[in-house]
Amino acid sequence: MAAALEVRNLRKAYKDVIAVDGLQLEVQSGECFGLLGPNGAGKTTTIEICEGLIQADSGSVEMLGMRWQTDASELRQRLGIQLQDTQLSEKLTVFETVRLFRSFYHSGPSPAEAIALVQLQEKQKARVGTLSGGQKQRLAMACALVGDPDFLFLDEPTTGLDPQARRQLWELIEEFKLAGRTILLTTHYMDEAERLCDRVAIMDHGKIIALGTPRQLIASIGVEHVVEFSIGRESAALTLSALREIDGVREVTAQNGSVQLQVTELHRAVPALLAELNRQGLPLTELRTHSASLEDVFVTLTGRRLRDA
Amino acid sequence: MPDKTRWVYGPLAQMTLVRFLEFTREPEALFWVFIFPILLAAGLGIAFRNRPADVLKIAALTPQLAQALRQEKLLDVTQLPRAAAEDALRTGKVALLAVPGPAGSVVYKYDDTNPEGRSARMLADRAVQRAAGRIDPVASADQWLREPGSRYIDFLIPGLLGMNLMGSAIWGMGFAIVDARRRKLMKRLVATPMPRHYFLLSFVFSRLLMLVVEVGVVLGFGSLAFGVPLRGSIANLALLCVLASMSFGALGLLLASRARTIEAVSGLMNSVMMPMWIVSGVFFSAQRFPDFVQPIIKALPLTAAIDGLRMNMLQGASLGQVAPQLGVLGVWLVVCFSLALKLFRWR
């Protein structure tokens, strides 16, 4: 199967910041591909070059077998785009907005059908200004779908939404996946990528530092579990080096009074940890374990957490 | 497969419709474009309306004098006893007091620094002399200039119309464009297959739609409420309005071509419009400014628009006669539009 998107040696610099630094990327037709990374990693610049909104300094982008330089108008017809924080006109109704966007495309669902796709039927006649954040985002999605696109770009689709609105949007995106659309999604939520994406690329400083399915990436750090604990005010007294000696512990990091251990075998590491704390005479105030996630992959690769990166 | 059911209008029609809807759903904009000019015209029209020449109140001490003075229609004569008459003069209730003097003469008491007093003196003396048998050596007649076309309101309405054309075009373009840029709506539209020039054309077409209403409101009000004349050809008037609106629109486009915030574009627009409100002859003739600045004033688009409108409406000027004004507007249109296209920021 041919790649729906092929990006080669993409480079883009703004004044003194290199936003995208020799990026290689391939998205297969029909897959949902996630571009992950902290804010400022170059995700939006990459996606906007692919959308034909920004010119790259060098490198090439080939999409659906076409290039921006020669087939711009045909490409525009076949892409569905949802930009990061676009505010649609507040004085128009939902229906008027979708009808406007529908008028730009040769073919696609009717405005009412597109509105039904994102479950906004009840809000058809409501002004955009009266919608909630999640409803606005669904409207943006309807505007992206109204041209029946072969390729869908979603730039941080759930940023700033409450948990319920995020889940609604995820269900929507899962339906698009089932309908066989190719999707390129950026996000800085690792749980979003794990749930939605067939493959993910982790970006940092304009480069891809890891690529694979979420399962592969998590397996690649050789850790299955993460143990997190804190010992309240006594944290200064803790000897970290002793923890590294525990059987099955790979990595120890301490941050803001809480300590993280990356662990391969949970059932052996936890009793050993408790024994060690007991030996040092420190009281345990909090203990959590979770399966390793993409977040842990990012921490392992960069030494930073996503949120503070 | 292209689906041609009835909701599929062309993108340009949709863009224009959306502009128009957005405008009509903005109460402030409706007020400034439609209500404000009417209020202004009504207020100024009433303040500067032509009143019939005032009748001056004077007092006389004797019945003979009072009778002689009553021959003059512009005087309202009261006969009063001396004390009451002196009091009325002092308090300004009468402009002049006629007192019999020695040997059949008449003495006029009035404040000579007050124009009313001086007018009353001339009118009273003429009445007294005529009553005594004077015959004017030269016959004279009056012709009053009160016909429509030369009053202040006639001067004002084309001025307000020009100001309105400028304001709605520049504000309409400036705010809408910068707002779309600020909300990243412009970027979103650029990401669709819509040809970029449709975005600009939609402003042109919605402007033309609004123009009909705008011009209609101001001229209709002027003509119905004050009888302001429309002496020139209506087609030429329409051409002038359209060209003026397009030139101002191009200027608005230029002002909004790079600004990213509403504050920035407001400042730019006001600094461009304010001087024109003052020097371009909206409320008083631009001729009052010194000669050496006249060429500059004449080259301003608002001056050209207002001069052209006045010549058409008040003097019934032909298209040839307003050619210089059309030329000035045309140059502004072409220069601003091409500059704006070069500078325009689509993101």
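In this text the structure is predicted, and so the values were computed from the model without any measurement.

**Student:** Could you give an account of the overall build of chain B, naming the residues involved and the relevant values?
**Tutor:** Each helix and strand in chain B was counted, giving 13 helices and four strands. The globule rule puts the C-alpha radius of gyration for 347 residues at 20 Å, and the 30 Å found for chain B is more than 25% above it. Expressed along its principal axes, the backbone C-alpha trace of chain B runs to roughly 110 × 45 × 40 Å. Taken over 347 residues, chain B has a buried fraction of 38%. Intrachain contacts of chain B at a sequence separation of at least 6 include 74% that bridge at least 24 residues.

**Student:** For the environment of Val293 of chain B, give the residues involved together with the corresponding values.
**Tutor:** Within the fold, Val293 of chain B resides in the loop between α10 (262-279) and α11 (294-299). Put simply, Val293 of chain B and Leu343 of chain B are 50 residues apart on the chain and 30 Å apart in space, counted from C-alpha to C-alpha.

**Student:** How would you explain the nonpolar core if you had to name every residue and give the values?
**Tutor:** Most often, soluble globular proteins keep nonpolar side chains buried together rather than apart. In this structure, Leu36, Ala142, Leu184, Ile202 and Leu294 of chain A are the most contacted members of the largest nonpolar core, which totals 90 residues. What Leu184 of chain A contacts, discounting residues up to four positions off in sequence, is Leu5, Val27, Phe33, Leu35, Ile47, Cys50 and Phe153 of chain A.

**Student:** Lay out the packing of helix α3 (residues 94-102) of chain A against helix α5 (residues 133-145) of chain A with the relevant residues and their values.
**Tutor:** Residue and element names in this part refer to chain A. Axis separation between α3 and α5 bottoms out at 8 Å; the angle between their running directions is 25°. With respect to their mutual orientation, α3 and α5 come out roughly parallel. The handedness of the crossing between α3 and α5 is right-handed. Of the residues in α5, those touching α3 at Val94, Thr97, Val98 and Phe101 are Leu139, Ala142 and Cys143.

**Student:** So what's going on with the confidence of the model for chain B? Residues and values would help.
**Tutor:** Residue and element names in this part refer to chain B. Model confidence for chain B is summarised by a mean pLDDT of 87, while 94% of its residues fall at 70 or above. When mean pLDDT is taken per element in chain B, helix α9 (residues 234-255) scores highest with 95 and helix α2 (residues 27-47) scores lowest with 82. Contacts from residues 1-8, a stretch scored under 50 in pLDDT, to residues over four places away or in other chains number ten contacts. Across the whole predicted complex the pTM is 0.77, and at the interface the ipTM reaches 0.83.

**Student:** Run through the domain arrangement of chain B, naming residues and quoting values.
**Tutor:** Split into domains, chain B comes out as domain 1 (15-48 + 148-343) and domain 2 (56-131). Centre-to-centre, using C-alpha coordinates, domain 1 of chain B lies 54 Å away from domain 2 of chain B.

**Student:** Any details on helix α11 (residues 294-302) of chain A? Residues and values, ideally.
**Tutor:** Counting buried positions over the nine residues of α11 of chain A gives seven, a clear majority of the element. Where α11 of chain A is concerned, the buried positions are Leu294, Glu295, Asp296, Val297, Phe298, Val299 and Thr300 of chain A.

**Student:** Which residues make up the interface of chain A and chain B, and what values do they have?
**Tutor:** Note on interface size: it is often stated as the accessible area lost on association of the parts. Contact residues are listed per partner, giving 25 residues for chain A and 25 residues for chain B. Every element with two or more residues in the side of chain A that touches chain B is listed here: α2 (68-78) and α3 of chain A. Counting residues per element, the side of chain A that touches chain B draws most heavily on α3 of chain A, which supplies four residues.

**Student:** Quick rundown of the packing of helix α6 (residues 152-182) of chain B against α9 of chain B? Include the residues and the values.
**Tutor:** All names here are of chain B. At their nearest, the axes of α6 and α9 sit 8 Å apart, and the two run at 35° to each other. At the point where α6 passes α9, the crossing takes the right-handed sense. Mapping the contact onto sequence places Gly162, Leu165, Met166, Ala169, Ile170, Gly172, Met173 and Gly174 in α6 and Cys241, Ala244, Ser245, Phe248, Gly249, Leu251, Gly252, Leu253 and Leu255 in α9. Residue composition of the contact of α6 with α9, grouped by class: eleven nonpolar, six polar and no charged.

**Student:** Lay out the domain arrangement of chain A in plain terms, naming residues and giving numbers.
**Tutor:** Once the domains are mapped, chain A shows domain 1 (3-213) and domain 2 (223-291). Between the C-alpha centres of domain 1 of chain A and domain 2 of chain A there is a distance of 41 Å.

**Student:** Tell me about the sheet that holds strand β2 (residues 17-28) of chain A, and name the residues and values.
**Tutor:** Residue and element names in this part refer to chain A. Within the open sheet, the three strands sit side by side as β2-β1-β4. Their pairing is antiparallel. Two strands close off the open sheet at either side, each with one partner strand: β2 and β4 (58-63). Across the sheet, the mean angle separating the axes of adjacent strands is 15° when strand polarity is ignored. Of the pairings in the sheet, the one linking strand β1 (residues 3-14) to β4 comprises five bridges and is antiparallel in character. Its bridge partner lying in β4, Val7 is registered against Val61.

**Student:** So what's going on with the sheet that holds strand β11 (residues 249-255) of chain A? Residues and values would help.
**Tutor:** Residue and element names in this part refer to chain A. With antiparallel pairing, four strands are arranged side by side in an open sheet as β11-β12-β10-β13. One side of each edge strand has no neighbouring strand; the edge strands of this open sheet are β11 and β13 (286-291). The mean inter-strand angle of the sheet, taken between neighbouring strand axes irrespective of direction, is 15°. Judged from the six bridges that link them, strand β10 (residues 225-230) and strand β12 (residues 258-263) form a sheet pairing that is antiparallel. Note on β12: the bridge partner recorded for Val227 is Leu261.

**Student:** Quick one: what's the story with helix α1 (residues 43-50) of chain A, residue by residue and with numbers?
**Tutor:** Residues and elements named next belong to chain A. Along α1, seven of the eight residues are buried, which leaves the element largely enclosed by surrounding structure. Turning to α1, its buried residues are Lys43, Thr45, Thr46, Ile47, Glu48, Ile49 and Cys50. One or two steps after α1, the chain reaches Gly52, where phi turns positive at roughly 75°.

**Student:** So what about the pairing of β2 of chain A? Which residues, and what values?
**Tutor:** Residues and elements named next belong to chain A. Inspection of the sheet shows β1 paired to β2 by nine bridges, in the antiparallel sense. Across the sheet, Leu10 pairs through a bridge with Leu23, a residue of β2. Linking β1 back to β2 in an antiparallel pair, the connection comprises two residues, with Lys15 at a positive phi of about 45°.

**Student:** Let's hear about the pairing of strand β8 (residues 199-204) of chain A: which residues, and what values?
**Tutor:** A regular strand places its side chains on the two faces of the sheet in alternate fashion. Residue and element names in this part refer to chain A. Here β8 lies mainly inside the structure; five of its six residues are buried. Summarising the sheet, strand β3 (residues 32-36) and β8 pair through four bridges and their orientation is parallel. Residue Gly34 lies in a different strand from β8, and its bridge partner there is Val200. Judged from the five bridges that link them, β8 and strand β9 (residues 207-212) form a sheet pairing that is antiparallel. Across the sheet, Ile202 pairs through a bridge with Ala210, a residue of β9.

**Student:** Run through the confidence of the model for chain A, naming residues and quoting values.
**Tutor:** Chain-level statistics for chain A give a pLDDT mean of 88 and a share of 97% at 70 or above. Per-element confidence in chain A ranges from a low mean pLDDT of 80 for β11 of chain A to a high of 95 for α3 of chain A.

Definitions and limits used
- Residues numbered from 1 in each chain as written.
- Chains lettered and ligands numbered in written order.
- Predicted model: local features only at pLDDT ≥ 70, side-chain atom pairs only at ≥ 80, totals over all residues.
- Helix = DSSP H or I, 4+ residues; strand = E, 2+ residues; numbered from the N terminus.
- Rg over C-alpha atoms; globule rule 2.2 N^0.38 Å.
- Buried ≥ 20, exposed ≤ 12 C-beta atoms within 10 Å, placed from the backbone.
- Contact = placed C-beta atoms within 7 Å.
- Core = buried A, V, L, I, M, F, W, Y, C linked by C-beta atoms within 7 Å.
- Axes fitted to C-alpha atoms, helices over the stretch in contact; angles between N-to-C directions.
- Parallel < 35°, antiparallel > 145°, perpendicular 65-115°, else oblique.
- Left-handed = near helix turned anticlockwise from the far one by under 90°.
- pLDDT = per-residue confidence, 0-100.
- Domains from an automatic or database assignment.
- Nonpolar A, V, L, I, M, F, W, Y, C, P; charged D, E, K, R; others polar.
- Pairing = 2+ DSSP bridges.

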